[in-house]
Every structure is written in C-alpha cells, then in structure tokens.
There are 2 protein chains.
Amino acid sequence: MQWRELPAISLEDSGSPVERSSYLIELHTDDGGSYDVVNDASSPAARECCAQQSSARHNWEMNYQEAAIYLQEGENNDKFFTHPKNAKALAAYLFAHNHLFYLMELSTALLLLLLSLCEAPAVPMLRLGIFVHATLELFALIVVVFELSMKMRWLGFQTFIRHKRTMVKTCVLLVQFIEAIVVLVRQTSHVRITRALRCIFLVDCRYCGAVRRNLRQIFQSLPPFIDILLLLLFFMVIFAILGFYLFSPNHSDPYFNTLENSLVNLFVLLTTSNFPDVMMPSYARNPWSCVFFIVYLSIELYFIMNLLLAVVFDTFNDIEKRKFKSLLLHKRTAIQHAYRLLVTKQRPSGISFKHFEGLLRFYKPRMCARERYLTFKALNQSNTPLVSLKDFYNFYEVVGLKWKAKRNREHWFDDLPRTAFLIFKGINILVKSRVFQYTMYTVVAVNGIWILVETFMLQGGNFFSRNVPWSYIVFLTIYGVELLLKTTGLGPVEYLSSGWNLFDFSVTLFAFLGLMALAFDMEPFYFIVVLRPLQLLRLFKLKKRYRNVLDTMFELFPRMASLGLTLLIFYYCFAIVGMEFFAGVVYPNCCNTSTVADSYRWVNHTVGNKTVVEEGYYYLNNFDNILNSFVTLFELTVVNDWYIIMEGVTSQTTHWSRLYFMIFYIVTMVVMTIIVAFILDAFVFRMNYTRKNQDSEEDNGIVLEKEISKEEVIGVIELYKRISAVPETAQLQKIVLQMDKYGQMSTVFLGRRSRTKSDLSMKMYEEEIQEWYEEHSRKEEAQTPLQEPASAASSSLKPLSLRQRSQTVI
Amino acid sequence: MQWRELPAISLEDSGSPVERSSYLIELHTDDGGSYDVVNDASSPAARECCAQQSSARHNWEMNYQEAAIYLQEGENNDKFFTHPKNAKALAAYLFAHNHLFYLMELSTALLLLLLSLCEAPAVPMLRLGIFVHATLELFALIVVVFELSMKMRWLGFQTFIRHKRTMVKTCVLLVQFIEAIVVLVRQTSHVRITRALRCIFLVDCRYCGAVRRNLRQIFQSLPPFIDILLLLLFFMVIFAILGFYLFSPNHSDPYFNTLENSLVNLFVLLTTSNFPDVMMPSYARNPWSCVFFIVYLSIELYFIMNLLLAVVFDTFNDIEKRKFKSLLLHKRTAIQHAYRLLVTKQRPSGISFKHFEGLLRFYKPRMCARERYLTFKALNQSNTPLVSLKDFYNFYEVVGLKWKAKRNREHWFDDLPRTAFLIFKGINILVKSRVFQYTMYTVVAVNGIWILVETFMLQGGNFFSRNVPWSYIVFLTIYGVELLLKTTGLGPVEYLSSGWNLFDFSVTLFAFLGLMALAFDMEPFYFIVVLRPLQLLRLFKLKKRYRNVLDTMFELFPRMASLGLTLLIFYYCFAIVGMEFFAGVVYPNCCNTSTVADSYRWVNHTVGNKTVVEEGYYYLNNFDNILNSFVTLFELTVVNDWYIIMEGVTSQTTHWSRLYFMIFYIVTMVVMTIIVAFILDAFVFRMNYTRKNQDSEEDNGIVLEKEISKEEVIGVIELYKRISAVPETAQLQKIVLQMDKYGQMSTVFLGRRSRTKSDLSMKMYEEEIQEWYEEHSRKEEAQTPLQEPASAASSSLKPLSLRQRSQTVI
C-alpha cells in the first residue's frame, strides 16, 4: 500500500507528558515524600514547568522506558500485573529482560536436562562420576536460585506468590536442591523420578513461550477430550466383559483367558497393534467370531476415535480464535498504556517524532536512526506532524518491517559498459524465459528417472566404486552451468533472495561435494551422494497446490517446531520415569516365559540338520539410557507392535508396568490429536484464506512503500545532533550523499516482512475485530468511570498502572 | 411456531389452468394435430372454456399428475431432462416409479451379487452346480434387460443415450450376458473378473441413491487427493533410494537389499505396519540409523498424511455446501414447475385447496383427507384462501409432517375413577421425579461395578452354571419394577415414544430372556447373558455432551450406513478380483521360503525334549470364498500386519500381486479419509450449530401447531363428497364427532417430524440462502426473456418443460 505523503513534519515537541512514568513518581515520593499522586491533571504539570531542563529530560527518559516496557509486555503477552512497579523493580526487570539473561536461563535449563545423559543409567560414552554430575547439578540449581531471586525483586513478594508458574518452579527447585545434596552426601543415586520435573525449568524460559502456549492449549482441550475418552474406555470395558464370556471357554486363546488380559488386549486392539493376531484363535474355532472384532473396531476405532479428533479439532478452533482475540486486545491495551506516557500536555492528540524516537531507543536499541524515522513515517497516516492513537495502534504491524532503499537500477549490471551490459542482459532474459525453466525441469526429471533406473540396476554390491559415473558428471555440469547463468543473470543478491534458488544452490553444492567424495574416495563423505534425489523437489515448483502447501509449511514451521518440542518435553518426563523403573530390564532372551518371547530371542539352535539363528531385536528397545529411551518412546508413539515392548517389560517386572505404557499411549494420543488438529486447522484456514482472497495479489509478505525527501532527512539529522551526545546519523548522512550523487530530491524506501498467521487472522476476522474493539472499549469505560475529560482519542485510556500505583504509594 | 389463523378459506375453485400438462397437450396434438403450443396465453384458455366438464376434469387430473412428478423429481434430485415428455413415456415412468418396481430392481441386483456366494470358489455350504447358478444369473440378467427397456421407453432413445450411468449399465449388462452364456455352453467357469462390475446394478437402484451420491463425492474429492498422494509417493521414492544406499551394505538387513524391497517396505512403513521391525537390523548395527526412520515417519505419516486429511476435509466441506445449494435450488425449480401447473387462469395468484388436494392424491396417495387439509392449512400463511408461490416454497418442509390431534387430557389415566387416578398420578409424579431417576442411575452403576467385580472373580471355568446368581435376580427385579412403574405412570404410548425408554425396555427384555436361558440351561441362548453390561449405557443420559453425541450419531446413521455400503461395494469388487487370482493360494505351511513363514507355519516339532506346536493362523486370511475374502479385506483395511498377508500371497504367486494389495490400500485410504472427513464435518457442523443456537429451545424435531374449526371440517367433507366418487372422509367425520362429544368448536393439531441435516443447514446458511435464491432467479430471468407479463409471484417462472415440449412437438 502507498500511504499519503505529508508536506512537512515538525520534528520537535517540547512540553511535559500527560502522565508520568510510575518509576519517576516513585523517585519523587522517595525524595520529597509529599508528592501527591491523586489523578489531578493540573498540579504535576504546573510544578514541572518550574523544574530544570535536565530533570525534564530525565522524566522523559523514564517515560520512554516505561512505554517500551508496556509495548514489550503487549508483544510477549505478559500480564500487566507483572509490570514493574517502582525503580528498584525496574532495575531487576531490566536485568531479567535481555538476551544475555534469557540465554543464561536457557543454558541452565538445558544443562539440567542434559545431565540425564551422564547420570546413571548414562549413555556409555558420557558417563560421569556421581560427584561430578551432582556438583554440576548444584551449580545449575544455584544459578536458577539467582534467576528466581531477580524475578522476586522485580515482581515483589506479593505478585511473586500470586504467579502460579513461578511458585511451581520454586517448589520443584527446592525438591531438586534437597535431592542433589542428598546425592552428594550419600555418594549414590537413589530413585530420582523427580528429575522428570526438570522440564519445568525449560518450559519457564523466555524463549519457550510457544511451548507454554501449546501446553496451555493442550490443557484447555482436555475436558472434552476426557469426556470422549471415558466413552471410549466404557465401550472397551463392555467389550472386554463380552469378550471374556465369549472366548475364554476356548483354551487355545491366550488373549481372553482372564478379564485383565481381555481388557489389556482390547486396549491394544484400540491401537490396532495386535489386530489379526488377537482374532485368530477364536476365528479359527468359529468364523463368526470375527463379527465381535469388526463391531468393536468399527465403534471404537472408526467412530469414537474420529469423534475424539472432531471434538479436539472443534475445541482447538475455538481456542485459537479466542487466543487471537485476547492477544489482540492485550496488545491494544499495551499500546494505549504506552501512548498515555508519550503524549504531552500541550499536544494531547499525538506523539511527536522526538518522543517516538525516544521510545524506540528503548524498545529496539539496535534500530538505526533511518529506520526509526521510516517507522514513524509509516505509522503516521494523518496530515498532522503527530502520530495519533489510531495510527499508533498499527505499531506492532509496522515496527517489524525491514527498510531498504528502492533500487533505481533494475539489474545489478546496469552500470557496466555497453558490451558487458548487453551480454548480461541477454543472460538475464534467457534465465527468466519459460523455455529455460522448462528445459531445466526436464533435465531434473530425466535425472530423476536416471537415478531410479541406475539404482534399480545396481542391486547391491559395492556401488561406491572408484570411478565416478559419467552421468553424474554430465548432470552436475548442467546444474553448475545453470547456477552460474542464474547468478550472473540475476545478480548474486537477487538470486539468493529466493528460497527456491537457495535450495537449488545448496543441493548443487552438496552434489558437488559428493562428487569430490567419490573422486577422492573419501568414505565418510559418501552419504552426501545419496542427497542427489532431493534435487527432484524442484519439480514441485511447477504446480500451484504444491507451492501453496510448501509455503504454508514454511509459515507453520515455527509453530510445528514448538509442538515438536512440547512432545519432546513429554518424552523427557516419561524417559526419566522409564529409566528409573525399567533400566536394564530387557536383554536378549529375557522374556522366554511371556507370549512375546520370539521377539526377544537371540539364539543359534538346531532344527533338523540346520543351524538357525533366531534374532529378535526387541531387546534393543529398552530404557537403558536416555537416548535409547527416546527411541523406544518414539516406537511407542508410532504404536505399531508397541505391545511387544510392553509385554517384554511386563514379563520382567510387574503387571502394573502396563499402566506406564497405557498412560504414555493416552498422553501421546492427546498430543498427537492436537498436532493433527493443528495441521488440519492451519491448512483449512489457509485454504479458506486463499479462496477468500483469490483475486488479490500473489503472496510476497507485507510490503510498504514510503518516500522521504532530502529536507526531511537533513531535519532529522539536525534533531539527532541536538538531542543525543553521540549522534548515530551515519546511515542518514549516507542517504543524503546518495541523493546528492544521483541528483534526486527524494528516495523511496520499501519496508518488508514475511506474513505471519496473525496477519492472516487479521484479514479473516476483519469484521469481527471491529466488534471486539468496540466491546472492549465499552467494557473498559464501564470499569473505569471517566475522571478526566481528556481529548477524544485518549478518552478510553485509564491505564491499570494508575490504580496500582496509588495502591503502592498510599 | 404458530401460524396465523385464517377466518375462512373458500375451498373450491373452478377454472382452467394457466399451463397445461405436457401429456395433455401431447394427447390433443395426437387427436387433432392442429393444437398450437406457442406460448400464447389467451387462445388455449379460450378454447378450453368451451370444452366439456369431463374433459376439464381430465385435464386437471393430468396437471396434478405432472405436478406430482415434478415434485418427486425435485425431492429425488432427478434432473429435469429425464422428465417424461409424452403420454407413452408417462406410462413407462409410472410403471418404473413405484416401490414394487424398485424392489424388483433391488432384489435382482442383490441376487446377482449373492450369486458369488455359490459360484466357484463358493462358500462350502452354499455351493451350487454351474448349470444352476448360470441359469439363475441369466434369469436375473433378463430381468435387468426388462428394467432397462422400461427405462428406455420412459426416457426415449435420445435421452437414454445421453444418460451416462444407464449407458455404462447397458454395456456391463451386455458383457455379463455374453459371459453367462459362455459359462452355460462350456459348463465351466473361466476367469470372470467382470463379475466385479455387478455392483453397478446395485448402485443404479433407486434405493441406493445415497451410495451414488457418496461415490460422486469421492470422485469429486479425488483430484486434490491425488496431488497430495503424488507428493507422498515422491518422498517415498526418494527415501527408498536413500535407504537402499544407506542400508543395503548391511547383509543382515532383508528390508533394503534391493530397490524394490526398499520401496515396498517403505510403502508398508507408511502404514506403520512393519515399524520397529524394519528399523531393527540397521538400528542394531548403528544406533543413529533410527534418524532415517524417524524423519521418514515424521514427514510422511505425521505431516503429509494429515495434509491429505486436511485437503480432503476442506474439499468435502466445500462439496457438501455446493451440493446443499444445488439441491435446494433444484427443489425450488421443481416447486415452480408444479405451481405453474396448478394455478388457474382466473386466479393466478395461488393454488386452491381443490387443486392442492388433487396434487397430493398423486404425490402421496396414502395420505388421508384430514392430513391433506392440514398440510394445506400449514402451507397457507397469507390471509387469502389460496396458497401463493411464496408459501408453496415450503412444500417439502411441510409435507413430511405427521399430524395428530393435540390431546386435551394430560395423562392417559385422566378418565379413570378418582381413586385409580390418584394412584396413577402418584406413580406419575414419582417416575418423573429426579430422586427416582438418580436412584436408578445409582442402581445401574452398582450393577456395572458388580458385573465387573463378579467377572473379575470368575477367572475362567464354567461360568454358565445351573444356579442363577442371586444378584442377577435382584437387579433384574429392580429393572422390572422400574419398567412397570414407568409404563403405568406415563402410559405405554408415551413411555415407548422416547428412544432411551425403548432402549431400556429392550435391554431389560433381553436380560429377562437371558435369565430364562440360564434357568432352563439352554445353551444356544447363553450369549444373551453377555448383553447385560449394555445396560450401563443408560448412564450416558446423564451428561449433555454424550446426549449430543448420541443424538448426532442417530441423525447421521443413515448417511453412515450408506458410506458403509459404499465401502462394501469396493470390498465386493476387490473380493471378486482377489478370489479369481488368489483363491486357494495360501494354506498351512505354504510360505516357508518367504520372510513371513512363521505366521503361516503350522507344525508340531521337537526342540530339545519338548514338543512345540507352532500355530501361525495367517493361512485363515485367504481369498477362498467371498466371506473369507471380506474378512481378509477388513484386516487389510485395519492395515496392522497387512504386509504378512501380502507377503504370503506374493510368495505363492508373483511380485505383481503386491500391486493388488497396494491399490486396495490406497482405495481404502481414500474412502476412509472421506469417512473421517465426513464424521469430522458432521460433528463440527453440529457443534457449531449448537453453539449458534444455544439459547433456543431443546431439540425435539420440527413441530407445527394448527387449529381447525368445525365449520372448516364440514366444508371439506362437503367438498370431498362432491369431487370424488368414493369419498374418503371417515377420518374427518370422526373429528366432527369428537368435537361434538367434547362440545368444542375447534381442534388443535400438532404436526411433527424429526430434524434432518437439511433443516440444520437451512438454519446455518440462513443468510446465504437468500443470496442464492436471488442469484438463481436473476440467472433464470437472464436465460429466458420475459414473454408473459404474468403476476409478480410467478414472473420468474419459465419452466424448462415449455421449451422442451416445443422441441418434441414442433
């Protein structure tokens, strides 16, 4: 979109803020003790007029900082009751809110989690002495204590107690501390199931916000899920009783001889894992007994399980929308809070650039002066030099844009001499032509078929022979030439800006490395050769549906990764519990008395005259260390033949071990159903979106265009020179130089960012959003009776902090 | 809802129709040859005025009939180009459109399908001689020929050729005919795969319309499905090549030693069916090889398979809505056609009762006079004695209502003497009280736990002992008393009108039968005892979500059944093909050379000093007759361990047999995904509906109330006496008698029917429907330029038949 251009923006704005930062007020009260915090609009302003210039600047700095904190809270969906309330809290808040601190948090949590690699039962290569790992643990826990104390300082004791997650963390920390000390003293590890709770340190990390959201969503989806689960279990019990009565008279049927077996086997049948086997003995006796199993599977598997998915999907859908709504309103409130702190008494209708710049200095310290000004320009949609509240509401959408000067030259080679230009122009046209593209697709397809046929002809043997196959060289040469042509024709920057080209480039590079490996006969690199077929993925650029699918996939990738991490956290808990109880329980030939003996057998024995090696590999699916446990748990997640693992462990321990496996099944079922619901929801949403916006432009992310003139830039430079000791105007001066060089009076800048789910939702719920806003402001007005007859734009603003402040001060 | 009452409705209406039945016109042209069918409004009417009374009545009868046919076509979603065009076609149409004919169609189709039970390879007990079953087949085919010739007569040769389904049927019929004769002549059965096509006779039946719709929906969902399937297969091929390079150097790994094995095993892995096994040999060699499998499963199973579901779900959703829309508009057009045939020249603004009654005589011959009048009253919403087109649009919603006089007495025992009344009233209050209900729930719960504990204590042995357990008698007595109380308290009719009570009743009855069986020690009835736990289902009445789920289930049951039937039709095709190729292929110890030998082994052999009976039951999963084939196919549908069946058959035949199994997997995957999508869609729809109408009344189906006065009834009786030779006014006269008895001047009738998916959709898409209607009428107007400036209500009516008729006549 192209926003209107303003004739001139007055950059400066002197005056005092309508509202003052709470830290400042705190300071004043600390100093004088007589500062009145009643909502009297005139008296502080009056007093401030008499204050010194430096004090005024200090005041403003405080306001900027608090506004930036509000905006951060809005962005991170932090509740406002954790907003730092005084200067001391602010110091702790600032200490606890930067990437160094976050990294420390994350690395301590990871250290604690990774310790389980070294604690007994450890991965053989990583085993550490008890003294070593217990000391490491204590060290990590002490760091956590430090982190928590910082948090307490920031939140204050009252809020700290009220904050549930932090309280749980504190309790876990206590338990872990005691246990670590006990281990150190006794010099031996006891059964430490509580290690499973270590995940909470990871979950509480700032960087794992997405995991926390997922967990919350899972817990919110639980009630309807449990309802249907009960229905499922109820039918299971009924069928178990029926099955017991029907099939237990058949003594060759080991699956229904007791009610317990009947229940367990029908539970396993729910996962289809033992399907034809469980039916076979009774089916052999009476063919009509298959009806029992068909009816059971139809009801349980094909009906109730899908019902489960439907219920979760529906709840998920609903929660997603509610979440989006509450986040949107939270951000809006945050923006209102920040706005109140940035407007001046003299001009209550908007924020001047000076104050906006001050805000951004705290909110995004890394942003350069040029970008700050462009952001301000992008926000400002009215004809005034101020950003009004209505404009300021777009803050989060605009602040993420990356700005770049729009190139005047179309190609990178425009400045070259005539001959070179013509050559490159030719290449450029060639590379962009359809013929070239389809030729390359054909080559890729031929290559694909070639690889398939070649592999098919190999049929085992040493295929990593010394001589490199000529076909490989031919195709690689073609790809190399294509890469070269494209790089020269489009310019390296433009070439690599497309994800697909990047993919082509890396695959070709890998293939080249593979060639080197083949040519120099380097064994460890041979696996690169097998990446060759991946080049075929390029063929999927051809069809629109695939591009859509892949785009959606990339868009969803962060969310998928966080769901995967959530699953891993569940895995970790179960792995720890499994290791504590089942480590070393299964081994070759361990389970000869159980029904699954074959899968664990490892013997050479003689049948007739032949030596038969029976190798059942299932003893490998054990809980002997955390890596093995993870693989075993993945196998349990896939659920095929999981009962063999369960029965193996059960035969070596007690019947109650089955509970572990069944609970794990149900937990993964919940998580997996939610993952399925998520994928379903995301794609259906995306497809609806595409259907709704069929006529709109191709999807290239969010793009915004802004033109700024030379005078503006010079004005901004002047401003910076005046307000800051070390002016960071290098970028701005470069723009002026550039303009001078090309003799332009203005430059156009493009702001770009990729489209997020939130953008899509904004467009999908366009109409509803207006309703939400109205409802929200109505509610706020109802909560806080109008005290100040302020300007219309800020009439609905009654920040929470005002009330909280009076609590703390009075 | 309560519609307004009209002061008086003039029942009769003389005059000539605006438009005349096409059959009539046909007759006239046959007679005179000079009848002009140009859309001249005045001339036919003018001529008709001079025609005799009897001819006029005949004319009207024809109009009624054609209107009824239009309405039927609208209801059954028959396209109007199959509308019978002349009197000969009409006769054939009437012959081919009644339940006797439908039943004949169905039974021939079933006979043909069931023949495969008796044809070699037959079910042992049902084997018939070749001569017998070939003769039966010929007979059935001749019946089909007769049916088709009737259809040709009705449709005319032109339309017959254009009707695709009928043409396919004709071709299949031809092939079957030739084959049956060949079998009869050669007296031996050849490979008759074409028998799989017999399903088409069933699909074409009138009663299997739902199956046809399902098949259409499946085919419509195919294109996006195939796109994603290709993506799935593409990744499979890439991973197969990778897997082959990575794992074939390991000679103890039988799964990846050739590219073909690699492909097949990864295909099976897609179904998780061989999961930990396929990984184990490489995992035993190098633990990191599990990454290959985890990545493969994550991409294929957890991502692309869900994507498949998402795409199908989305397409399904879209198709459902479009289907609903087209059906709705089709019905509307049908109503418009019918309306044109029923209005008179003199009163073009509506239909009088006389003509409406005539229509219903053809449309619903079984309906009694009282119901016809009530339907008319229910349709009529205006203050005139005529039903306007706008009112007539509700025809399909109203015509299905079942009418009943609203009872004046609240209970069935109101007329009894005082003492009896008080007793029954007491029982009634007791039965309806919450205490009674919850007591019964408690009893059921206790009974459930009792059964569970009792069964748990049994642990095998002869539990069908001669002495009946006392607990059984106690609980059954309680249930019996409850049943008795409820029947007397509510009255038998009201008691049995609730589905849940009916369920209670039948379960108690079954339990009682079980008791009898136990007491008299009748072996064959013992299975009834095991139905006892089903009584626990009553507990699910307690929670709203379950009631909702069960209601939805019942609502969806017809659709589910048709989906099941669709699946069975696919089964049938595959069963026939399987039997022709694989009958008798697997047997005990058949597959000792394959990798799945164990599952087919059946030997007593000696290991050490012990005799071991190895019993692999998989030889039972064969294609030896059609029943066995169905069970085998069900096992393949569940997909667990299906590769054992596949490998068994493959080892006895050729590698190409795998194609059969893989194609079957993909086909069932399509059907199953659509079933899942259907269940998802239905429940999500229902839940959205419930959420949207939370405040509206409880769901009791559609109820309509109408009051009619004594004068009206007498008027209707008079009318009937005049217009029909054998007046069917017994019901009406009974109403008059009843009114006289109670001294009432009017009676209130209640019309009831259960709510269908269509009703829900009507409410959900309320707003969109108006748009559709407008769009539809705009389109119609654009198609047919206005020729007659008729009344506003019928201005948009340009029936198709008009144009078609002029084609056939001119």
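Read on for a plain summary of the structure. Counting restarts for each chain: residues are numbered from 1 in the order of the written sequence. Numbering of ligands from 1 and lettering of chains from A proceed in the order in which they are written. Where local features are concerned, this predicted model is filtered to residues with pLDDT of at least 70; where side-chain atom pairs are given and counted, the filter is 80 or more; whole-chain, interface and lining totals use all residues. Computation of side-chain values covers all heavy atoms of the structure but excludes hydrogens and water.

**A word on the pattern of salt bridges**
Residues and elements named next belong to chain A. Put simply, the rule reads: What counts as a salt bridge is simple: a side-chain nitrogen of Lys or Arg found within 4 Å of a carboxyl oxygen of Asp or Glu. Only DSSP runs of H or I reaching four residues or more are called helices, and only runs of E reaching two or more are called strands; each is numbered from the N terminus. Any residue under 20% of the maximum accessible area for its type is buried, any over 50% is exposed, and the rest in between are partly exposed; the area is computed with a 1.4 Å probe on protein chains only.
In this structure the tally under the stated criterion is 46 salt bridges over all chains. One salt bridge connects R206 with D78, and the closest N-O pair in it is separated by 3.4 Å. Of this pair, R206 sits in the loop between helix 8 (199–203) and helix 9 (209–247) while D78 is found in the loop between helix 3 (53–76) and helix 4 (87–96), placing the two residues 128 residues apart along the sequence. The class of D78 is buried, set by a relative accessible area of 17%. Through salt bridges with shared partners, one network takes in E119, E137, E179, R192, R195, R198 and E580.

**Thoughts on the nonpolar core**
Just so we agree on the cut-off: To qualify as a nonpolar core, a set must consist of buried Ala, Val, Leu, Ile, Met, Phe, Trp, Tyr and Cys residues joined through side-chain atoms within 4.5 Å. Two residues qualify as a contact provided that any one of their heavy atoms is within 4.5 Å of a heavy atom in the partner residue.
Residues A:Y600, A:F661, B:Y600 and B:F661 are the most contacted members of the largest nonpolar core, which totals 322 residues. If you tally residues by element for this core, the top one is helix 26 (residues 657–692) of chain B, at 21 residues. Setting aside anything within four residues of it in sequence, one finds A:F661 in contact with A:F582, A:F623, A:L636, A:W642, A:I645, A:M646 and A:V649.

**A short note on the interface of chain B and chain A**
As a reminder, the rule being used: As used here, buried area is the combined drop in accessible area, with a 1.4 Å probe, of two parts when they are placed together. Here a polar contact is recorded for every N or O atom pair within 3.5 Å, except that within protein the pair must consist of a potential hydrogen donor and a potential acceptor, and residues adjacent in sequence are included only if both atoms are side-chain atoms.
Counting from both sides, the interface comprises 93 residues of chain B and, opposite them, 93 residues of chain A. The contact between chain B and chain A buries some 8,700 Å² in all, and 74% of this surface belongs to carbon and sulfur atoms. Put simply, chain B and chain A have 8 residue pairs in polar contact (both at pLDDT 80 or more) between them. The element best represented in the side of chain B that touches chain A is helix 9 (residues 209–247) of chain B, accounting for 14 residues.

**Description of unusual backbone geometry**
Cis peptide bonds are those with omega within 30 degrees of zero, and the linkage from A:A120 to A:P121 qualifies with -5°. Inspection of the secondary structure assignment puts A:P121 in the loop between helix 5 (99–118) and helix 6 (130–162). Within the chain, A:V639 stands out as a residue other than glycine whose phi angle is a positive 65°. Mapped onto the elements of the fold, A:V639 is located in the loop between helix 24 (626–638) and helix 25 (642–652). Residue classification places A:V639 among the buried positions, given a relative accessible area of 15%. The backbone of B:T272 shows a phi angle near 65°, a positive value even though the residue is not glycine.

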